[in-house]
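Inside the fold
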Amino acid sequence: MSPSFREIRRRCEALARTVPLPQPFDARGLCRVLAHERGRPITLTPMNAHDSGVLGLWVATDQTDMIFYEASTTPPHQEHIILHELAHVLCDHHAARLSANELTRMLMPNLDPVMVQRILGRTTYQAEQEQEAELLASLITQRAQREAVPGHRTSAVADRINAVFDWPEPGND
C-alpha cells in the first residue's frame, strides 16, 4: 500500500526543513553545499532533450552524482529541474546507474535506439517517487523564498488557497 499524499507531504516538509540553504539561494549553490556535506561531487550538465522529452536526469556513478537538465528552457525552469533531480538524491531514490562507457554513449548524439530504451527504462521512477521529488523541490524553493525575505508572510489569497487544499504552512500542522 502506497503512502497517502498527506504522508508524502509530511515527509517532504520535514526533509525540506533540514536542507542547508545557501545564501543567496540558487539550485547550483545548493548542489555545491550538499556535495560538500555528503563528501560526494554533484555535477550539473545542460542537455538538449528535444527528441527524448526528458527534461532532467540523475545518474549516479561510483564516484559522483550527475544531474542533467534541459538547456533550452528558462532559467527558473532549469532551477526547478535541478531541484527536482536533487530531491531524488535527498530522498534516496534509485538513480540510473551507468558505467562510464554507457554514459559516454548516452551523451553522444547518434545513440543506438536499443541503448536509449534501456537507459530510459532504468530512469523511470515510480509515481510516488516523482510526487515526492516534485513536492520536495517546490518546498525547498518555497522555504528559500521565505528565508530570503525575513518576516515574509503569504498573501490573503494564498492563505485562502492553502485552506481550501488543506495545505498549511510548513511547521503549522
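Our structure is the block above this text.
A brief look at the structure comes next. Being a predicted model, the structure only gives us computed values, none of them experimental.

Scoring rules and cut-offs
- Residues numbered from 1 in each chain as written.
- Predicted model: local features only at pLDDT ≥ 70, side-chain atom pairs only at ≥ 80, totals over all residues.
- Heavy atoms only, no water.
- Helix = DSSP H or I, 4+ residues; strand = E, 2+ residues; numbered from the N terminus.
- Buried < 20%, exposed > 50% of the residue type's maximum accessible area, 1.4 Å probe, protein only.
- Contact = heavy atoms within 4.5 Å.
- Areas by Shrake-Rupley, 256 points an atom, 1.4 Å probe, with all protein chains shown as cover.
- Core = buried A, V, L, I, M, F, W, Y, C linked by side-chain atoms within 4.5 Å.
- Expected span 1.5 Å × (residues − 1).
- Arc of directions from axis to C-beta.

**A look at the overall build of the chain**
When its secondary structure is counted, the chain shows seven helices and four strands. Each helix and strand of the chain, placed in order from N terminus to C terminus, yields the pattern α-α-β-β-β-α-β-α-α-α-α. Burial analysis of the chain (173 residues in total) assigns 39% to the buried set. Relative to all contacts within the chain whose residues are 6 or more apart in sequence, the contacts with residues 24 or more apart total 64%. Just so you have it, the chain exposes about 10,100 Å², and 56% of that area is on carbon and sulfur atoms.

**Considerations on the side chain of histidine 84**
Summarising the element assignment, histidine 84 is placed in helix H3 (residues 75-90). Residue classification places histidine 84 among the buried positions, given a relative accessible area of 8%. For histidine 84, the residues in contact, after removing those within four places along its chain, are Glu130, Ala133, Glu134 and Ala137.

**Things to note about the nonpolar core**
Ranked by internal contacts, the top residues of the largest apolar core, which has 29 residues, are Leu30, Ile42, Leu86, Leu136 and Ile140. Where this core is concerned, the elements lending two or more residues are helix H1 (5-18), helix H2 (27-38), strand E2 (56-60), strand E3 (65-70), H3 and helix H6 (127-148). Here the element with the most residues in this core is H6; it accounts for seven residues.

**Quick notes on the side chain of histidine 93**
Along the chain, the position of histidine 93 falls in the loop between H3 and strand E4 (96-97). Once residues within four sequence positions are removed from consideration, histidine 93 is found in contact with Trp58, His88, Gln129, Glu132 and Ala133.

**Details of H2**
Under the 1.5 Å per step criterion, the end-to-end length of H2 is 16 Å for 12 residues, consistent within 8% with the ideal 16 Å. Among the residues of H2, those classed as buried are Ala27, Gly29, Leu30, Cys31, Leu34 and Ala35. Of the residues trailing H2, glycine 39 is marked for its positive phi of about 70°.

**Considering H1**
Each α-helix winds once per 3.6 residues, and so residues spaced three or four apart point in a common direction. Taking 1.5 Å per residue as the helical rise, H1 with its 14 residues ought to reach 20 Å, and the 20 Å between its terminal C-alpha atoms agrees with that figure. Taken together, the buried positions of H1 are occupied by Ile8, Arg9, Cys12, Glu13 and Ala16. Down the axis of H1, the smallest arc covering the buried residues is 135°, so these residues share one side. Structurally, H1 contributes buried residues whose contacts are with H6.

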